[in-house]
Amino acid sequence: MKSEVKAKMIAIGSADIDEDALGDLTVPTAGPGAGKKAFFFKSGNRRVRLSVNKDSPLKVFTKNDHVVIYYDNEELVTGKIEPELVHCPGQAYITVSEKCIFDCKFCPVPKLGGRIKSFKEVIKLLEKAYDTGKMDSISITSGVSETPDKEVERVNEIVLEAKKYGVPIGVSVYPTNKSNKILKAAGVDEIKYNVETMDRAVFDEVCPDQNLEYILDKLEEAVKLFGKNHVFSNFIIGLGENDDSVIQGIEELASIGVIPILRAANLSPLREGEVYINRPTAERIMYLTRKLKEILDIHGLNAAVSRTMCLPCTGCDMNPHIDLDE
Ligand code: SF4
């Protein structure tokens, strides 16, 4: 799959596919895509995750053992539907608390009123994933059900138990004063604290309960503990920010050793009227991914070496060191 084709599919974000052909579908329980059914498509060494939408301009047809995706009645790309392990291929990516006291305006999680998985439940999922022989890594994320500290405690307990599987472990939570130290001591390998946007004015509007400077502080501290190429941050594109502010934001993150993950904004029906969303075009995605690669290279960062969470998955985003042709 060519870079431009993947960027186009990310820009569209969904495909029309016969659900019967898919068997078990992913229903993400965290983040802006929460609550939507989705599937993974792989072509060559590139992967994309698309939500299921019968009105999508991308149409998926099965041909023998592979599928063909059409756009505007023309064949766009051929590949395969990829099975997931837990949430994504090769990883047991588990959301512990499917609820959140924060009210980020783009995120459906606070409105979904999800549940909290018990320790036992999480370990059972890990055990099942491990038994398949296909679990390359473990990723744990969580909304904030009561307090960020309580969430870190919950995740810490899980990580201590999960170390026995001997695979890399990544954690994405809201940072706390002690989260870096606690998670490092527990044996976590990689950390993701999401800035969501680096445009300060947009941040204040869309994440009124969070503190961007605090998150940046904790990211910088995380790099010192977990090392370069092991600290990441989701950075949403399409919240009203312009390209200059994105590039400046990438620069700011990379200069402290953090790899930004550029994520196309998605308007959840549960957030209609609450947030401005302008999902980026394929051209904007390509432009910003090239800029991201340039800046990461200058700072000696490599998005292809991480082992957990979104960078090795590549389902929702362009990984600048995996998904660019040149
Ligand atoms: S890129 Fe991240 S959010 Fe998307 S499917 Fe992969 S692990 Fe999940």
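Overview of the structure. (Residues numbered from 1 in each chain as written. Predicted model: local features only at pLDDT ≥ 70, side-chain atom pairs only at ≥ 80, totals over all residues. Heavy atoms only, no water.)

Structural notes on the overall build of the chain
Next, step 1: A count of helices and strands for the chain gives 10 helices and 13 strands.
Next, step 2: A globule of 326 residues ought to have a C-alpha radius of gyration of about 20 Å, and the chain, at 19 Å, matches this closely.
Next, step 3: Each principal axis of the C-alpha atoms in the chain carries an extent, and together these give about 55 × 45 × 40 Å.
Next, step 4: For the chain, buried positions account for 55% of its 326 residues.
Next, step 5: Long-range contacts, defined as pairs at least 24 residues apart, comprise 71% of the intrachain contacts of the chain with a sequence gap of at least 6.
Next, step 6: Carbon and sulfur atoms make up 48% of the accessible area of the chain, which amounts to about 14200 Å² in all. (Helix = DSSP H or I, 4+ residues; strand = E, 2+ residues; numbered from the N terminus. Rg over C-alpha atoms; globule rule 2.2 N^0.38 Å. Buried < 20%, exposed > 50% of the residue type's maximum accessible area, 1.4 Å probe, protein only. Contact = heavy atoms within 4.5 Å. Areas by Shrake-Rupley, 256 points an atom, 1.4 Å probe, with all protein chains shown as cover.)

Remarks on the sheet that holds strand β6 (residues 74–82)
Next, step 1: On the basis of which strands lie adjacent, the open sheet formed by six strands has the order β1-β3-β2-β6-β5-β4 and mixed pairing. Because the sheet does not close on itself, it has two edges, and the strands there are β1 (14–15) and β4 (58–63).
Next, step 2: Where β1 lies against strand β3 (residues 46–52), two bridges are found, and the strand directions are parallel. Pairing of Ala15 across the sheet is with Val52, part of β3. (Pairing = 2+ DSSP bridges.)

Structural notes on the pattern of salt bridges
Next, step 1: Summed over the entire model, instances satisfying the criterion amount to 28 salt bridges.
Next, step 2: Its salt-bridge partner being Glu98, residue Lys117 comes within 2.9 Å of it at the nearest N-O pair. Of this pair, Lys117 sits in the loop between α2 (109–112) and α3 (119–131) while Glu98 sits in the loop between β8 (91–95) and α2, placing them 19 residues apart in sequence. Of the two residues examined, Lys117 and Glu98, each falls in the buried class.
Next, step 3: One salt-bridge network, in which partners are shared between bridges, spans Lys2, Lys6, Arg46, Asp323 and Asp325. (Salt bridge = Lys/Arg side-chain N within 4 Å of Asp/Glu carboxyl O.)

So, the packing of aromatic side chains
Given two aromatic rings, their pairing is described by the distance between the two centres and the angle made by the two planes.
Next, step 1: Throughout the structure, instances matching the rule amount to three aromatic pairs.
Next, step 2: Summarising the aromatic geometry, the rings of Phe61 and Tyr70 are spaced 5.5 Å apart at their centres and angled 80° between planes, so their arrangement reads as edge-to-face. (Phe/Tyr/Trp six-rings, centres within 6.5 Å; stacked < 30°, edge-to-face > 60°.)

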